[in-house]
Amino acid sequence: MSAASCLLSEDQFLCSICLDVFTDPVTTPCGHNFCKTCITQHWDINIPYQCPMCKEVFYRRPELRINTFISEMAAQFRKSSQKKASSRSDQRCLGKTEAEIQQMIQKRRVKIQEIKRSVELSREDAEREIADSVRVFTSLMQSVERGQAELIDMIEEKQKTTEQQAEGFIKELQQEISELMRRSTEVEQLSHTEDHLHLLQSFPSLSAPPHTKNWTEVRVHRSSYVGSVRRAVAQLEETLSKEMKKLLEAELKTVQQFEVDVTLDPDTAHPHLILSDDGKQVNHGDVKKNLPDNPERFSRCTCVLGKQSFSSGRFYYEVQVKGKTDWDLGVGRESINRKGKITLNPKNGYWTISLRNENEHKANAGPGVRLSLKSQPQKVGVFVDYEEGLVSFYDVDAAALIYSYSSCSFTEKLHPFFSACFNDGGKNSAPLIICPLFSVLISIFLCSCCFVHFQP
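Please read all numbers here as calculations on a predicted model, not as lab measurements. (Residues numbered from 1 in each chain as written. Predicted model: local features only at pLDDT ≥ 70, side-chain atom pairs only at ≥ 80, totals over all residues. Heavy atoms only, no water.)

**Regarding the overall build of the chain**
In terms of helices and strands, the chain carries six helices and 17 strands. Residues classed as buried in the chain amount to 30% of the 456 residues present. Restricting to contacts in the chain with at least 6 residues of sequence separation, those with at least 24 account for 62%. Looking at the chain as shown, the accessible area adds up to about 30,100 Å², and 55% of this sits on carbon and sulfur atoms. (Helix = DSSP H or I, 4+ residues; strand = E, 2+ residues; numbered from the N terminus. Buried < 20%, exposed > 50% of the residue type's maximum accessible area, 1.4 Å probe, protein only. Contact = heavy atoms within 4.5 Å. Areas by Shrake-Rupley, 256 points an atom, 1.4 Å probe, with all protein chains shown as cover.)

Structure follows, in structure tokens:
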């Protein structure tokens, strides 16, 4: 039957009245087929009883019986149609699935290229770092070798001068010894002579003091080398300091490339803190604002976090601390305790540095590390490398490293951390200011240059 249904067209299984597959098909005396319900309703409305297909009129309503053959064929066709519809639906689903698979494949190919590109960039960074290290260490080794050679030359030159002076003294002494030995021989001979006239004639010259130098105060002074090595090392230290300055300037330029836009989160700010409308400045005020004590807010310490959080990669931002006598800066874990007394240290989820009493800088490493800085930072740069576990602080104007936390273990989001500290009766009223993005400033500068250049 399935084979037979395949030889029939779809129209042969459709009722000409409802235009759908036969349901309980019946055959009229004229040989045409309809759904039993369709033809019955048609004849209930249309009198006389006429075939909708050939228009043959029947003078009395024909007795209709189900055409089992057509019914079975229609059922088979309906089942086949359902399978086809299901098949088409499956095909559409398969097509969608195939498209999704292809999209996933494409995404993974893009990710492979991204990973390969990252490896290439990493290789370029490594090669550049190796080249720089070779250059720097070669220069330093040359400086060490040159300093050592100059020190040895100086020591040897001093020793040579000492030896030449000693040789001169020895030569004079040997000459005087020879002269004295000659006189001693003459005196000895004269003492045994019996020629009194000769004795009288020779005695005055032999009894006169010999022409010799007074050697009592003559000394060969040993060359002094005290401080020679120290001075040579000091020169190397100066060279090394200059090289370190160059390296730190290059390092700071590198980390500044990872500068991000940081704004203060008012939902975390202590009620005494005053935040600017743009979220870039914060200072301590005397009036406590009536703010909801939400879980994110610091309740006792005058702190505030940045809105932005970071859970991978590298980021950098700069904060102006000019005019302040006390402040804390750094980063903190998202889960840090914000209620009650807070101790800043890595164990509690804080990686920070602090200023107290205008010039006392400290890294809050638990225990604290006193920092001896050559200059008072006016702008502090904060750099984090999440994967490397590194948090570094820079004196931006001096291009100097203030302090670094290394080998840190980060397992959750990090937020920029700020504490303006109490205003201390106005002594510490200056705000902490998040500096504008370096890249934005460059863009503005370039745009202004282009504008000026293209003025008519």
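**Digging into the layout of surface pockets**
In this structure, the largest pocket encloses a volume near 1,200 Å³. Lining the largest pocket are 31 residues, with Asp-125, Glu-129, Glu-251, Thr-254 and Arg-314 positioned closest to its centre. Secondary structure elements with two or more residues in the lining of the largest pocket: helix H3 (68-191), helix H5 (228-256), strand E13 (379-385) and strand E14 (390-395). A class-by-class count of the residues in the lining of the largest pocket yields 13 nonpolar, seven polar and 11 charged. Estimated volume of the second largest pocket: approximately 400 Å³. The wall of the second largest pocket is formed by 14 residues, among which Leu-248, Lys-374, Ala-399, Ala-400 and Leu-401 lie closest to the centre. Residue assignment for the lining of the second largest pocket shows that the elements contributing at least two residues are H5 and strand E15 (400-405). The element contributing the most residues to the lining of the second largest pocket is H5, with four residues. The residue inventory of the lining of the second largest pocket, partitioned by class, reads eight nonpolar, three polar and three charged. (1 Å grid on protein atoms, 1.4 Å probe; cavity = no way out; pocket = protein on both sides within 12 Å on 5 of 7 lines; lining within 4 Å. Points joined across faces, edges and corners; volume = space filled by probe spheres on them. Nonpolar A, V, L, I, M, F, W, Y, C, P; charged D, E, K, R; others polar.)

**Focus on the pairing of strand E6 (residues 281-284)**
Note: strand E5 (residues 273-275) against E6, three bridges, orientation antiparallel. Each bridged residue has a counterpart across the sheet, and for Leu-275 the counterpart in E6 is Val-282. Turn length for the E5-E6 hairpin, with the two strands adjacent in sequence and antiparallel, is five residues, and the turn residue Gly-279 shows positive phi of about 70 degrees. (Pairing = 2+ DSSP bridges.)

**Some words on the sheet that holds E15**
The seven strands are arranged E5-E6-E17-E8-E13-E14-E15 in an open sheet whose pairing can be described as antiparallel. The open sheet is flanked by E5 and E15, the only strands paired with a single partner. Within the sheet, the average angular offset between the axes of one strand and its neighbour, ignoring direction, is 20 degrees. In terms of strand pairing, E13 meets E14 through six bridges, oriented antiparallel. (Axes fitted to C-alpha atoms, helices over the stretch in contact; angles between N-to-C directions.)

**Regarding the pairing of E14**
Of all six residues in E14, five are buried; the element is thus mostly enclosed. Linkage of E13 to E14, two consecutive antiparallel strands, is achieved through a turn of four residues, within which Gly-389 is found at a positive phi near 65 degrees. In this structure, E14 lies alongside E15, joined through five bridges in antiparallel fashion. Among the inter-strand pairings, Val-391 is bridged to a residue of E15, identified as Tyr-405. Connecting E14 to the next strand, E15, in antiparallel fashion are four residues, including Ala-399 with a positive phi near 50 degrees.

**Concerning H5**
For H5, spanning 29 residues, the distance from its first C-alpha to its last is 42 Å, which sits close to the expected 42 Å at 1.5 Å a residue. Residues of H5 that are buried: Ser-228, Ala-232, Glu-243, Leu-248, Leu-252, Val-255 and Gln-256. (Expected span 1.5 Å × (residues − 1).)

**Re a negative patch on the surface**
A surface patch of negative charge is lined by Glu-150, Asp-153, Glu-156 and Glu-157. Among the structural elements, Asp-153 can be located in helix H3. (Patch = residues over 30% accessible without salt bridge, like charges linked within 9 Å, V, L, I, M, F, W, Y side chains within 5 Å. Salt bridge = Lys/Arg side-chain N within 4 Å of Asp/Glu carboxyl O. Lys, Arg positive; Asp, Glu negative; His and termini not counted. Charge placed at Lys NZ, Arg CZ, Asp CG, Glu CD.)

**Here's the deal with the pattern of salt bridges**
Oppositely charged side chains can form a pair if their charged atoms are brought close together. Following the criterion strictly, the structure yields 13 salt bridges and no others. Salt-bridge contacts for Arg-61 lead to Asp-44; the nearest nitrogen and oxygen are separated by 2.7 Å. Pair noted here: Arg-61 is in the loop between strand E4 (57-58) and H3 and Asp-44 is in helix H2 (residues 36-45), with a separation of 17 residues, a long-range link. Under the relative-accessibility criterion, Arg-61 is labelled partly exposed at 35%. Taking relative accessible area as the criterion, Asp-44 reaches 49% and is therefore assigned partly exposed. Arg-333 is the salt-bridge partner of Glu-412, the closest N and O atoms lying 3.8 Å from each other. In this pair, Glu-412 sits in the loop between E15 and strand E16 (414-419) while Arg-333 sits in strand E9 (residues 327-333), placing the two residues 79 residues apart along the sequence.

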